[in-house]
Amino acid sequence: MKNSFGSHLTVTLFGESHGTEIGAVMDGMAPGVPIDDEYIASRLALRRPSDGLSTARREPDPYRFVSGVKDGYTTGAPLTVIIPNGDTRSADYGDMDGIARPSHADYTAYCKYHGYEDRRGGGHFSGRLTAPLVALGAVAGTALFSAGITVGTHIARLAGIDDRSFGANIEEEMDALTDCPFPVLDPVAGAAMKDAIYAARADLDSVGGVLETAVLGMPAGVGEPWFEGVESVLAQALFGIPAVKGVEFGGGFGMCDRRGSEVNDAFYLDGEGNPCTRTNFSGGIQGGITNGMPLLFRCAVKPTPTIGREQETVNFVTGEPTLLRAHGRHDPAIVHRARAVVDAVTSLALCDLLIGRYGTDFFGEDR
């Protein structure tokens, strides 16, 4: 089982949805990064369910670091975070054992692990394991912020309803999103999105959407050509997030129907003589390497697969067809919660890239 990502900064996940604890280990982070408990708690709060927009499962996520921290700062040794599971109801899954929930990993996990896997609540495949990712991502985000790099994400589309894209005042827009539990740039669109989620819940169904992420402050020259490019590293990490089924950078698929003269990013010199581009269809990346413009990318988040409607499936243990009407507590949408996970994974991947380019001293006080 492969549970790690990263080349210079590596992150390894462990635990199961209904196990005693879940956690993660981050190895390779610079020493001296502050452990900002208030910031970590705020990021975990954005990931947690809230109101009628999410599952009724309530986990306070009282995280604790058991290695790699001394006097409130990272030591440079492996940083391990552990989060207990409390609000589990394994009985909700008792009558579903051996039944393949449509679009879940139940059947594929059985094929790979031959029935030894923990299937309760999705086990090791559950989105519950994104909690320690968010905690470590907050530490990585603190390191990035010390270097003048910020990450922000909003819901670009949900249930076919569009928010406006990042605009000319992108820095202000990202600031406004920082602690917003339902991150949209247009409040009217946000209200319509919430109505769509409530409607899906009432219909025992779910909806998906698209998240748009911007990164400001990345220096030019980070990344590699070909297989270790910025797109490659980010995409590998982002596709590890449960429910992410697509990633596009800059103009993405939309450029395919346009001419080169429309989507080529023309260069000019700013007031300080630095090369900049007038447009950003490249998403801040060219040849796998950052060009100093904002990184821009989008993630497609599929509708939550566990729904209350009756669905056709099979029991892969007995080999019999059956019908499934899922019980328990489930999200009618996870797009707004996934935003915190995308920010965290982005921060971790960027730290990996920056440490590979400059070493851990990039995040030191004397950088």
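Peer 1: Residue-level account of the sheet that holds strand 11 (residues 244-249), with values.
Peer 2: Spatial ordering of the open sheet is given by 9-8-10-16-11, a layout of five strands whose pairing is antiparallel. Each edge of the sheet is formed by a strand with only one pairing partner; in this case those strands are strand 9 (161-162) and strand 11. Note: strand 11 against strand 16 (residues 295-301), five bridges, orientation antiparallel. Note that in strand 16 the partner of Gly-246 across the bridge is Ala-300. On the sheet, helix 8 (residues 335-358) packs against strand 8 (150-158), strand 10 (209-216) and strand 16 and is oriented at approximately 145 degrees with respect to strand 8.

Peer 1: An account of the layout of surface pockets is needed here, citing residue identities and associated values.
Peer 2: The computed volume of the second largest pocket comes to approximately 590 Å³. Looking at the second largest pocket, it is lined by 29 residues, and the ones nearest its centre are Tyr-39, Phe-145, Thr-150, Val-151 and Thr-178. In the lining of the second largest pocket, the residues fall into 13 nonpolar, 10 polar and six charged.

Peer 1: So what's going on with the side chain of Asp-61? Residues and values would help.
Peer 2: Within the secondary structure, Asp-61 is located in the loop between helix 1 (37-47) and strand 4 (64-67). Residue classification places Asp-61 among the buried residues on the basis of a relative accessible area of 3%. A polar atom in the side chain of Asp-61 sits 3.5 Å from the side chain of Arg-48. Among residues more than four places away in sequence, those in contact with Asp-61 are Leu-44, Arg-47, Arg-48, Ile-83, Arg-128 and Ala-131.

Peer 1: So what's going on with unusual backbone geometry? Which residues, and what values?
Peer 2: The backbone of Asp-71 sits at a positive phi, close to 55 degrees, despite the residue not being glycine. The phi dihedral of Leu-204 falls on the positive side, at around 55 degrees, and the residue is not glycine. Of note, Leu-204 is situated in the loop between helix 5 (187-202) and strand 10. In this structure Leu-204 comes out as partly exposed when scored by relative accessible area, which is 43%.

Parameters at a glance
- Every chain is numbered on its own, with residues counted from 1 as its sequence reads.
- For this predicted model, a pLDDT threshold of at least 70 governs which residues receive local features, and a threshold of 80 or more governs which side-chain atom pairs are given and counted, while totals over whole chains, interfaces and linings are taken from all residues.
- Side-chain measures were taken over the full set of non-hydrogen atoms in the model, leaving aside hydrogen atoms and water.
- Should DSSP find at least two bridges between two strands, the strands are regarded as paired.
- What counts as a helix is a DSSP run of H or I of at least four residues, what counts as a strand is a run of E of at least two, and both are numbered from the N terminus.
- The contact definition used throughout considers only heavy atoms, calling two residues in contact when any of these lie within 4.5 Å.
- Inter-axis angles, ranging from 0 to 180 degrees, are taken between N-to-C directions of lines fitted to C-alpha atoms, where helices are fitted over the stretch in contact.
- Detection works on a 1 Å grid of protein atoms alone, calling trapped sets that fit a 1.4 Å probe cavities and calling open sets with protein on both sides within 12 Å along at least five of seven lines pockets, with lining residues defined by an atom within 4 Å of a point.
- Grid points are joined across faces, edges and corners, and a volume is the space filled by probe spheres set on the points.
- Throughout, the ten residues Ala, Val, Leu, Ile, Met, Phe, Trp, Tyr, Cys and Pro are labelled nonpolar, Asp, Glu, Lys and Arg are labelled charged, and all others, Gly among them, are labelled polar.
- Here's how the labels work: a residue is buried when its accessible area is under 20% of the maximum for its type, exposed when over 50%, partly exposed in between, all with a 1.4 Å probe on protein chains only.
- For this analysis, a polar contact is any N or O atom pair within 3.5 Å, provided that within protein one partner can donate a hydrogen and the other can accept it, and provided that sequence-adjacent residues contribute only side-chain to side-chain pairs.

Don't take any of this as a statement about function, it's just geometry.
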